[in-house]
Amino acid sequence: MDTAIKSVVISCLLVLLSVFAFAETTGRKKDRFVAGDADAPIKIEVFSCYQCPPCRKFYLNTIGPLIRDYAANSKIGIIYYEFPLEIHDYARDAARYGEAARSLGQNKWQQVSEALYQHLIEWRDDKSKIDSTVSEVLSKDEMDKVRKLMKDPSIEQIIDKDIAEGYRRNIRGTPTTFIDGGGKNQKFTGNLSYSVLKNYIEGLLQ
Amino acid sequence: MKAIAIQLLHWLARLLLAGVFIYAGYTKLENPLQFAVAVEGYELASPNVVIWIVKLLPWVEIGLGVGLLLGVYIRYTAAFTCGFLLFFIGIMLLTYLRGIEADCGCFGVGEKISPFTLIRDTMFIFPALYLYIQPWVEKN
């Protein structure tokens, strides 16, 4: 009888834990959308490093136009995960700015990310230029908020969680992209042009 | 004895090539976007051409594999296989010599073009060549 009660209690605890874990993951994902939202028919998740040249090319030439053409019409939702590579000296510093900008809203994250990728050549050898790059696209108030947020330990925790999520999903390089929509799941690592990705997305939307 | 050896080699060549091409086509159909990344990595084709390559090439490979397996017009299929392999090995070699670090795209993910991939793919020409010259081997 005791064993039966124990089994029931353990089972209930496991179910509760699973529910909490699911709720935490779902809630966390909702906060992570940098364009569009969870209701979009196609969800794109990207693991990216601000200092990696293919990530720069992928954001500026593919993700940027995708945000403009599809996310604005709620056709896709995009989640960006911070995956700063250790081989890049200032990737984590840039990720802190990106993460702090995310809490100001999707538009601010997009502006800051575009600026960081656009000016990568300037800041990749000089950490101080990350701050000046970001301050060019944010107002003084917003910049003050970002600088304050960057001191918050939660920013580091978010980046660590993103990296852990990347390892959990077997990320072997950046950018790695997951596309979920139309009953299909696709994963690819590397840079893909806008035209090719657009063709695939149009196929999913039909 | 010679006839048995010839037939054995014939079947080994057909089964090996059929397996290689069906598997290669399957990996591309399973993950078309990763294959598209590899094709774009060669920096030889425009995005519109890449889209068509991604759509058609896996089926050509599977068709070739099935043709080899069933022995349909085997000499012609073998000749086509030789040309097909030479064409892609040529493109791979050109890309490697240009110093571009592209994925081979031969069998799925993350295999960079290297002397290994070039030699391995070149080896596949020999069974195809054997199937083509087999009638000549039988006569002599």
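Look a little higher up for the structure.
Residues numbered from 1 in each chain as written. Chains lettered and ligands numbered in written order. Predicted model: local features only at pLDDT ≥ 70, side-chain atom pairs only at ≥ 80, totals over all residues.

Caption draft 1: Looking closely at the overall build of chain A. Helix and strand content of chain A: nine helices and five strands. Reading the secondary structure of chain A in the N-to-C direction produces α-β-β-α-β-α-α-α-α-α-α-β-β-α. Counting over 206 residues, chain A shows a buried share of 37%. (Helix = DSSP H or I, 4+ residues; strand = E, 2+ residues; numbered from the N terminus. Buried ≥ 20, exposed ≤ 12 C-beta atoms within 10 Å, placed from the backbone.)

Caption draft 2: Fine view of the overall build of chain B. A count of helical and extended segments in chain B gives six helices and zero strands. Reading the helices (α) and strands (β) of chain B from amino to carboxyl end gives α-α-α-α-α-α. At 16 Å, chain B has a C-alpha radius of gyration in line with the 14 Å of a compact globule built from 140 residues. Counting only C-alpha atoms and orienting by the principal axes, one finds that chain B spans roughly 50 × 25 × 20 Å. Here chain B holds 140 residues, and the buried ones make up 29% of them. Long-range contacts, defined here as pairs at least 24 residues apart, represent 70% of the contacts in chain B between residues at least 6 apart. (Rg over C-alpha atoms; globule rule 2.2 N^0.38 Å. Contact = placed C-beta atoms within 7 Å.)

Caption draft 3: Focus on the interface of chain A and chain B. The interface is formed by 12 residues belonging to chain A together with 13 residues belonging to chain B. Mapped by element, the contributors of at least two residues to the side of chain A that touches chain B are β5 (184–189) and α9 (194–205) of chain A. The biggest single contributor to the side of chain A that touches chain B is α9 of chain A, with four residues. By residue class, the composition of the side of chain A that touches chain B is four nonpolar, seven polar and one charged. (Nonpolar A, V, L, I, M, F, W, Y, C, P; charged D, E, K, R; others polar.)

Caption draft 4: Region of the structure containing the pairing of β5 of chain A. Residues and elements named next belong to chain A. Of the strand pairs in this sheet, strand β4 (residues 176–181) and β5 are connected by six bridges, and their pairing is antiparallel. When the bridges of β5 are listed, Ile 179 appears paired with Gln 186. The turn joining β4 and β5, which pair antiparallel and follow one another in sequence, is formed by two residues; a positive phi near 60° is taken by Gly 182. (Pairing = 2+ DSSP bridges.)

Caption draft 5: Inspection of helix α6 (residues 125–139) of chain B at higher detail. All names here are of chain B. For α6, which comprises 15 residues, the first-to-last C-alpha distance of 22 Å matches the rise-based estimate of 21 Å (1.5 Å per residue) to within 8%. Looking at α6, one finds that the buried residues are Pro 127, Ala 128 and Leu 131. Residues of α6 that are buried make contact with α1 (2–30) and α4 (74–97). (Expected span 1.5 Å × (residues − 1).)

Caption draft 6: Region of the structure containing the packing of helix α3 (residues 47–70) of chain B against α4 of chain B. All names here are of chain B. Between α3 and α4, whose axes approach to 10 Å, the crossing angle comes to 145°. For α3 against α4, the interelement crossing comes out left-handed. Contacts between α3 and α4 involve Leu 64, Gly 67 and Leu 68 from the former and Thr 77, Thr 81 and Phe 84 from the latter. (Axes fitted to C-alpha atoms, helices over the stretch in contact; angles between N-to-C directions. Left-handed = near helix turned anticlockwise from the far one by under 90°.)

Caption draft 7: A look at the sheet that holds strand β1 (residues 33–35) of chain A. Residue and element names in this part refer to chain A. What the five strands build is an open sheet, ordered β1-β3-β2-β4-β5; its pairing is mixed. Edge positions in the open sheet fall to β1 and β5, since each of these has one partner strand only. On average, each strand axis in the sheet is tilted by 25° relative to the strand beside it, whichever way the strands run. Direction of pairing for β1 relative to strand β3 (residues 76–82): antiparallel, over a ladder of two bridges.

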